[in-house]
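In case you want the letters, here they are:
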Amino acid sequence: MRKVVSGLFVSLDGVVQSPNEWQFAFDEEMGAALAGTLETADTILLGGVTFGEWAGYWPTVTSGEDAGFAKWINESPKYVVSSTLDTVEDWANSTLVKGDLVTAVNGLKAGEGKDITVAGSPTLVRSLLDLDLLDELVLLIHPVVAGEGRRKLFADDAPMKRLELVSAQPTGSGVIIATYRPVR
């Protein structure tokens, strides 16, 4: 059975919104962790907001340091979970998930292939965790308080969910790469 894995940049105060505004360092260990995703996953889940932001950018990247990731994400099958989008045809290999999320994700998990990664999409990550569909949550915890009204990964009124720490690795820039699995 395939796993659904999410990797997110997060600040000490739980902010996941706009990491480009508060992520001050990107080191080799972080790069290796993210490169691991490219090796272990071949399918991508996206929320509607992330899809909207990325569909206009990644297909245009053909060179430079992001070209390898662009090639991978552009060629990989993408499943977009959105209640507001009517179509996702403007980005190759994209399918709009219709109907029940549990049925759709369990169908993907039962299929052939490598892991399924959730790209960005913190709202989708919360839903997957709430529905017991997320198998692993990798947080790249940055030593910064982002604040300023930015959206956090979990709302103050989120239901309690127990996770177990699988691994934790500090990086040279002070980021901690923490991998958690839901306690089932």
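Residues numbered from 1 in each chain as written. Predicted model: local features only at pLDDT ≥ 70, side-chain atom pairs only at ≥ 80, totals over all residues. Heavy atoms only, no water.

A. Fine view of unusual backbone geometry. Positive phi outside glycine occurs at N93, with the angle close to 65 degrees. Positive phi outside glycine occurs at E148, with the angle close to 50 degrees. Relative to the helices and strands, E148 resides in the loop between β6 (136-142) and β7 (163-170). (Helix = DSSP H or I, 4+ residues; strand = E, 2+ residues; numbered from the N terminus.)

B. Structural view of the packing of aromatic side chains. Taken as a whole and assessed by the stated rule, the structure comprises five aromatic pairs. Taking the centre distance of 6.4 Å and the plane angle of 75 degrees together, the rings of W54 and W58 count as edge-to-face. Accessibility expressed as a relative area gives 22% for W54, which makes it partly exposed. Geometrically, the ring pair formed by F69 and W72 is tilted, given 5.7 Å between the ring centres and 35 degrees between the ring planes. Taken as a pair, F69 and W72 lie in helix α3 (residues 67-75) at a separation of three residues, close to a single helical turn. Take W72: its relative accessible area is 16%, and that puts it in the buried class. Counting every residue linked through ring pairs, the aromatic cluster contains W54, Y57, W58, F69 and W72. The aromatic ring of W91 is capped on one face by K78, whose charged end is 4.7 Å from the ring centroid. (Phe/Tyr/Trp six-rings, centres within 6.5 Å; stacked < 30°, edge-to-face > 60°. Buried < 20%, exposed > 50% of the residue type's maximum accessible area, 1.4 Å probe, protein only. Lys NZ or Arg CZ within 6 Å of the ring centre and 35° of its normal.)

C. Representation of the environment of T179 within the structure. For T179, the position within the fold is in strand β8 (residues 176-182). In this structure the C-alpha to C-alpha distance between T179 and A168, which are eleven residues apart in sequence, comes to 6.4 Å. If we ignore the near neighbours within four places in the chain, the residues touching T179 are E136, L137, V138, E164, L165, V166 and S167. (Contact = heavy atoms within 4.5 Å.)

D. Up close: the nonpolar core. Among the nonpolar cores identified, the biggest contains 21 residues, and V4, L45, V118, L128 and L134 are the most heavily contacted of them. At the level of elements, β1 (4-11), α4 (101-110), β5 (115-119), α5 (122-130) and β6 are the ones that each hand at least two residues to this core. Counting residues per element, this core draws most heavily on α5, which supplies four residues. Here V118 is in contact with V4, V5, S6, G7, L45, L124, V125, L128 and L134, once residues within four sequence places are set aside. (Core = buried A, V, L, I, M, F, W, Y, C linked by side-chain atoms within 4.5 Å.)

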